[in-house]
Amino acid sequence: MGAVKASLKNADDLVAAGLVRHEQRDALAAVAERYAIALTPAVVGLIDRDDAHDPMARQFVPTAAELVTTPEERADPIGDLSHSPVEGIVHRYPDRVLLKAVHVCPVYCRFCFRREMVGPAGLGTLTPDAMDAAIGYIENHPEIWEVILTGGDPLVLSARRLGEMMGRLKAISHVRIVRFHTRVPVVEPERVDDALIAALKASGKTTYLAVHANHPREFSDAARAAIARLADSGVVLISQSVLLRGVNDNVETLAALMRGFVENRIKPYYLHHPDLAPGTSHFRVSIEEGQALVSALRGTISGLCQPTYILDIPGGYGKADIGASSISGGDGCFTVRDFRGGEHRYPPDMA
Ligand code: SF4
């Protein structure tokens with residue numbers, strides 16, 4: 001099977017590329033009617049066709065399991081819509097907003113928390129009038145210190161359009177931080193060229209970029225080179241990952257992923273508990289499993305490599321740190337657990 005040259009976008013493309021069997025075609029066409037499909041050539045190149053449990057395939061190749069929706073799942077699992085004062089803006093926390101300019105991605109992750117909003121049948125790209133209203137909202141709210149460009153994946157926009165948007169943020173003095181959330185450096189690394197990097201920095205603000213990756217194999221040579229171009233340019237890099245059954249739900253893989261981030265100058269930031277997105281129950285681990293994995297990471301790898309384990313509380317109540325606490329007690333007398341599980345009193349007993 002030769003290398004694919006263009007993104008795969010439907011069940012027939014997947015069959016032709018040898019990623020699914022012909023007998024699966026009709027079931028996957030039904031999935032495609034509900035949820036967008038896209039795999040870039042870079043992602044296809046990372047898939048091991050000989051491994052029935054390949055963690056790269058599991059993230060991007062659709063399965064009939066997505067047709068099963070469980071009662072607790074919901075179309076807007078983290079409650080974006082209840083905090084959206086104008087189209088394209090989510091204002092959940094006092095000092096920051098999400099600016100969702102585009103609901104298109106270069107790949108469509110099978111566990112996506114916004115899967116009902118992204119893709120060709122999703123919420124689309126903001127019109128010029130809607131963008132004016134979104135920028136106007138940021139201008140009129142001086143408490144907004146940080147603007148987070150997410151979506152969709154904002155790096156699918158052309159450098160020219162991104163640069164124009166950054167030019168408008170540049171004029172808003174109370175905005176000091178611009179943050180991008182993206183999967184592009186790993187799934188379409190060739191997009192990260194000089195023009196794109198210049199556009200990312202065109203606001204003149206401190207620029208952060210959160211790289212979404214879930215498995216150490218995502219750090220291909222091309223991805224490493226793209227990430228290095230970003231780091232060399234002065235963009236501050238942080239990570240975000242989702243804890244996913246069958247992809248990274250073991251200590252060895254998580255440790256390699258977090259070390260991969262740090263080796264590539266990306267500071268581990270968030271490890272998300274999977275959200276209650278429709279048709280994703282096959283990806284969900286329990287919170288107890290997640291806490292055990294994160295505790296084991298603490299005893300395995302450098303403090304530089306530790307992410308914060310996060311749950312987005314359904315209903316739009318925001319993020320909560322759900323790593324198991326290492327300390328209990330009160331009234332000045334505590335018990336603290338060390339990284340091997342040993343317990344110690346604090347302050348220590350007097351000898
Ligand atoms: S890149 Fe992000 S928004 Fe797009 S499909 Fe993946 S998780 Fe969803």
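Each remark here, short or long, concerns the structure printed above.
My aim in this report is to walk through the structure given alongside it, one point at a time. Computed from a prediction, not measured in an experiment: that's the story for all the values here.

Thoughts on the packing of helix α10 (residues 251-263) against helix α11 (residues 287-298)
The geometry of α10 relative to α11 is characterised by a closest axis approach of 10 Å and an angle of 55° between their N-to-C directions. Considered as vectors, α10 and α11 are oriented oblique to each other. Of the two possible hands of crossing, α10 and α11 adopt the one that is right-handed. On α11, the residues that touch Val251, Leu254, Ala255 and Met258 of α10 are Leu293, Ala296 and Leu297. Considering only residue class, the contact of α10 with α11 consists of seven nonpolar, no polar and no charged.

A few points about the pairing of strand β2 (residues 96-100)
Among the five residues that make up β2, four are buried, leaving the element largely enclosed by the rest of the structure. The pairing of strand β1 (residues 89-93) with β2 spans three bridges and is classified as antiparallel. Looking across to β2, one finds that Ile89 is bridged to Leu99. The turn linking β1 back onto β2 is made up of two residues.

Some details on unusual backbone geometry
In this chain, Gly151 is followed by Gly152 through a cis amide linkage whose omega measures 10°. Looking at the element boundaries, Gly152 is found in the loop between β3 (146-150) and α6 (159-170). Of note, the amide linkage connecting Tyr346 to Pro347 takes the cis form, showing an omega dihedral of 0°. Mapped onto the fold, Pro347 is located in the segment after β12 (343-346). Of note in the backbone geometry, Arg265 takes a positive phi value of approximately 65° without being a glycine. Locating Arg265 in the fold gives a position in the loop between α10 and β7 (267-272). Overall, the presence of 13 C-beta atoms within 10 Å leaves Arg265 in the partly exposed class. One non-glycine residue with positive phi stands out, namely Asp331, at about 50°. Classification of Asp331 by C-beta neighbours within 10 Å gives exposed; the count is 5.

Rules of the game
- Residues numbered from 1 in each chain as written.
- Predicted model: local features only at pLDDT ≥ 70, side-chain atom pairs only at ≥ 80, totals over all residues.
- Axes fitted to C-alpha atoms, helices over the stretch in contact; angles between N-to-C directions.
- Helix = DSSP H or I, 4+ residues; strand = E, 2+ residues; numbered from the N terminus.
- Parallel < 35°, antiparallel > 145°, perpendicular 65-115°, else oblique.
- Left-handed = near helix turned anticlockwise from the far one by under 90°.
- Contact = placed C-beta atoms within 7 Å.
- Nonpolar A, V, L, I, M, F, W, Y, C, P; charged D, E, K, R; others polar.
- Buried ≥ 20, exposed ≤ 12 C-beta atoms within 10 Å, placed from the backbone.
- Pairing = 2+ DSSP bridges.

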